[in-house]
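Fold and geometry: a report
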Amino acid sequence: MALLRMNFFILFLIAFFINQVNCQELTAVRSKSNLPNPRYFASSVYDGDDKIYIFGGDDGTHLSDFLTYTLSTDFIEVNSDTGYKAYGGEMVRDGQGEIYYCGGVNVKAIMKYNQINKTWLEVAPLPRKTYFFDLLQLSENTALIVGGNRNSEIVLFNMTDLSANIVGTIPELRVAYSTVAALYNEDEAIVFHIPYSGYTS
């Protein structure tokens, strides 16, 4: 996966074109809104309705701002500077609308966003520092943290009791720097990875 420093925002609109072989085509449309500054390794989560939340990232320094992009108005606003600087983790939203940030570079915890105080609070430890992984939401209150930087564990995050436990491993996984991609479909997950030759574990 290439690292892109972007100070513009791209809204992906899915357009389905059904032809004789039932192919689908994805069309990207550039938004009129700009991010407040260039960043990479930011995290985002969709609220299922009209908003996409964006947190953190890196632009040479770790970022701590929490942004909201509104689909209907094509507008990005800075909700707050949370004071928590992080990148390389992933956000997930539970069935009650609570937002969590899992892992991140040099982070061994899961954080919950306090929507009133606009700050992050640690709610669960992770078994180890985990970043550049993929997150699969299994249900409205459970998610899998899969792989990551030289990490073969699969961790189940339960947003009901705020637990994070290892439930399996990926055989022979040697992963570094944002190389994991995973898809979940009902009762199985498919994981793609490309070992980064500069790292072994």
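Please refer to the structure higher up on the page.
This report concerns the structure included in the present document. (Residues numbered from 1 in each chain as written. Predicted model: local features only at pLDDT ≥ 70, side-chain atom pairs only at ≥ 80, totals over all residues. Heavy atoms only, no water.)

Some remarks on the packing of aromatic side chains
Under the convention used in this document: The aromatic pairing rule takes the rings of Phe, Tyr and Trp, using the six-membered ring of Trp, and pairs them if the centres are within 6.5 Å, calling planes under 30 degrees apart stacked, those over 60 edge-to-face and the rest tilted. Think of it this way: any DSSP run of H or I at least four residues long counts as a helix, any run of E at least two long counts as a strand, and we number them from the N terminus.
Applying the stated criterion across every chain, the model contains 15 aromatic pairs. Taking 6.5 Å as the distance between ring centres and 55° as the angle between the ring planes, the aromatic pair formed by Tyr87 and Phe132 counts as tilted. Of the two residues, Tyr87 sits in the loop between β6 (75-81) and β7 (90-93) while Phe132 sits in the loop between β10 (119-125) and β11 (134-139), which places them 45 residues apart along the sequence. The rings of Tyr53, Phe55, Phe66, Tyr84, Tyr101, Tyr113 and Trp120 are connected pair by pair, giving a single aromatic cluster.

Considering the environment of Glu98
Put simply, the test is: We call two residues in contact when some of their heavy atoms are within 4.5 Å.
As for its placement among the helices and strands, Glu98 is situated in the loop between β7 and β8 (99-102). Residues Glu98 and Asp47 lie 51 residues apart in sequence; the distance between their C-alpha atoms is 9.8 Å. If near-sequence neighbours (up to four positions away) are discounted, Glu98 is found in contact with Val92, Arg93, Lys112, Tyr113 and Gln115.

A closer look at the environment of Gly95
Mapped onto the elements of the fold, Gly95 is located in the loop between β7 and β8. In this view, Gly95 contacts Glu140 and Asn141; residues no more than four positions away in its chain are not counted.

Topic: the pairing of strand β13 (residues 153-158)
On any regular strand, side chains alternate: one points to one face of the sheet, the next to the other face. Rules: Each residue is placed in one exposure class: buried if its accessible area under a 1.4 Å probe, protein chains only, is under 20% of its type's maximum, exposed if it is over 50%, and partly exposed if it falls in between. A pair of strands is labelled paired if DSSP reports no fewer than 2 bridges between them.
Among the six residues of β13, five are classified as buried, and the element is accordingly described as predominantly covered. The sheet contact formed by strand β12 (residues 142-146) and β13 spans five bridges and is antiparallel. Bridge pairing links Ala143 to Phe157 in β13. As defined by bridge partners, β13 adjoins strand β14 (residues 163-169) across six bridges and the pair is classed as antiparallel. Across the sheet, Glu153 pairs through a bridge with Thr169, a residue of β14. The hairpin turn running from β13 into β14, its antiparallel successor, is four residues long, and Leu162 in that turn takes a positive phi close to 55°.

A few points about the sheet that holds strand β9 (residues 109-114)
Strand pairing within a sheet occurs via backbone hydrogen bonds; the two strands may be parallel or antiparallel. Heads up, the rule is: In this analysis, axes come from line fits to C-alpha atoms, helices being fitted only over the stretch in contact, and the angle between any two N-to-C directions falls in the range 0 to 180 degrees.
Reading across from one edge, β7-β8-β9-β10 is the order of the four strands in this open sheet, with antiparallel pairing throughout. The sheet terminates laterally at β7 and β10, the two strands that pair on one side only. Across the sheet, the axes of successive neighbouring strands diverge by a mean angle of 30°, strand direction being ignored. Taken together, the three bridges between β8 and β9 define a ladder with antiparallel strand orientation. Looking across to β9, one finds that Cys102 is bridged to Ile110.

A short note on unusual backbone geometry
Phi is positive for Phe41, which is not a glycine, with a value near 60°. Assignment of secondary structure puts Phe41 in the loop between β2 (25-39) and β3 (43-46). Positive phi outside glycine occurs at Asp74, with the angle close to 55°. The topology assignment puts Asp74 in the loop between β5 (65-70) and β6.

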